[in-house]
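Inside the fold
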Amino acid sequence: MRATRRPELLSKWLNMKIRSGLLTSAVVLGMALPLALPVVANAADGSTDATSSSAVTSAEKSASVEVTGGNLTFTRDDSGNVEAPSFQFTGAEASADAQKGLKIAGNQHENADGTNATDTYTGTKLSVDDNTGTGAGWTVTAKLGEFENSDSTHSLKSAVLHMTKEAAATNLTAGGDLTAGGDAVSVFTAAKGAGLGNSTTDFAGSTLDLPSAEYAGHYVATLTYSLTSGPTA
């Protein structure tokens with residue numbers, strides 16, 4: 001009897017150990033699985049971040065500067081004189097006949113009374129500085145007064161000054177005929193979008209027509225230049 005139950009008891013004891021071992025393994029696995037899942041998820045997130053990011057190899061920024069507009073003015077030479085011509089003509093004679101095409105002998109600023117002016121520019125060029133930055137263009141007009149002698153007892157009626165250009169840049173118009181005692185005339189014009197910076201024209205080829213010059217003497221007429229923004233119509 002005792003010998004017969006011993007193998008049976010041993011068998012039951014082994015079965016219990018096996019079951020106990022399985023249960024313990026199941027418990028261990030069950031505890032381990034929840035702890036392992038976050039680790040796997042974190043590894044997946046790290047992989048996604050690494051895949052979506054990339055190295056920056058170029059970037060667009062900007063550089064800027066504010067450009068301020070300046071003035072529209074006649075150019076001045078190194079001595080501060082306005083570069084606009086006066087004219088001194090030669091070859092006229094006392095005569096009742098018309099005398100045309102009198103040529104300039106030189107350029108010297110003179111006041112209406114025949115004395116030299118303080119502006120000592122003696123060139124034949126008319127020069128404009130447009131630093132406005134607008135591109136509006138500009139116009140120079142000239143008005144010629146009456147030619148009168150030194151004591152204003154005689155005048156040269158209806159004399160005509162032909163301001164003839166020697167040279168002018170593209171998109172600039174220069175030249176005009178000024179009647180003594182008449183209205184102002186456009187003599188130098190920059191079209192819209194032209195004349196920016198410095199512009200110069202040369203009136204060395206100008207001439208004077210006299211309808212008559214009956215009295216000898218030194219005659220002077222005031223020549224007034226005006227500079228305005230915008231071309232003439």
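Residues numbered from 1 in each chain as written. Predicted model: local features only at pLDDT ≥ 70, side-chain atom pairs only at ≥ 80, totals over all residues. Heavy atoms only, no water.

1. Quick word on the overall build of the chain
Selection rule: For helices the rule is a DSSP run of H or I covering at least 4 residues; for strands it is a run of E covering at least 2, with both sets numbered from the N terminus onward. Three labels apply to residues, based on accessible area from a 1.4 Å probe with only protein chains included: buried if under 20% of the type maximum, exposed if over 50%, partly exposed otherwise in between. For this analysis, residues touch if any pair of their heavy atoms sits within 4.5 Å.
Looking only at helices and strands, one finds 1 helix and 14 strands in the chain. With 233 residues in all, the chain has 27% of them scored as buried. A separation threshold of at least 6 residues defines the contact pool for the chain, and within that pool the share at least 24 residues apart is 73%.

2. Section: the packing of aromatic side chains
Heads up, the rule is: Two aromatic rings, drawn from Phe, Tyr or Trp (for Trp, its six-membered ring), form a pair once their centres lie within 6.5 Å of each other, and the interplanar angle then sorts them: stacked below 30 degrees, edge-to-face above 60, tilted otherwise.
All chains considered together, the criterion is met by 2 aromatic pairs. Consider the rings of Trp138 and Phe188, whose centres lie 5.0 Å apart with planes at 75 degrees: the pair is edge-to-face. Highlighted residues: Trp138 in strand E5 (residues 138–144) and Phe188 in strand E11 (residues 185–190), separated in sequence by 50 residues. Assessed through its relative accessible area of 0%, Trp138 is described here as buried.

3. Comments concerning the nonpolar core
Here is the rule: For this analysis, a nonpolar core means a set of buried residues of the types Ala, Val, Leu, Ile, Met, Phe, Trp, Tyr and Cys, connected via side-chain atoms within 4.5 Å.
In this structure, Leu126, Val140, Phe147, Met163 and Tyr225 are the most contacted members of the largest nonpolar core, which totals 30 residues. Going through the elements one at a time, strand E4 (125–130), E5, strand E8 (160–163), strand E9 (172–174), E11, strand E13 (207–210) and strand E14 (223–229) are the ones with two or more residues in this core. The dominant element in this core, judged by the number of residues it contributes, is E5, at 4 residues. With near-sequence residues (within four places) excluded, Met163 lies in contact with Phe87, Ala142, Gly175, Gly176, Leu178, Val187, Phe203, Ser206 and Tyr225.

4. So, the pairing of E8
Our working definition: Strands qualify as paired when DSSP identifies two bridges or more between them.
Burial of E8 is two-sided: the residues Val160 and His162 facing one way and the residues Leu161 and Met163 facing the other way are all buried. In the sheet, E8 pairs with strand E10 (residues 176–179) via 4 bridges, with the strands oriented antiparallel. Paired with Leu161 across the two strands is Leu178, which belongs to E10. As paired strands, E8 and E13 are joined by 3 bridges and run antiparallel to one another. From the neighbouring strand, Leu161 faces E13, where its bridge partner is Leu208.

5. Some remarks on the sheet that holds E4
To keep things clear, this is the line we draw: Interaxial angles span 0 to 180 degrees and are taken between N-to-C directions of axes, which are lines fitted to C-alpha atoms, for helices over the stretch in contact.
Pairing is antiparallel in the open sheet, where 3 strands are placed in the order E1-E4-E12. With one partner strand each, in any of the chains shown, strand E1 (72–74) and strand E12 (197–202) form the two edges of the open sheet. Across the sheet, the mean angle separating the axes of adjacent strands is 20 degrees when strand polarity is ignored.

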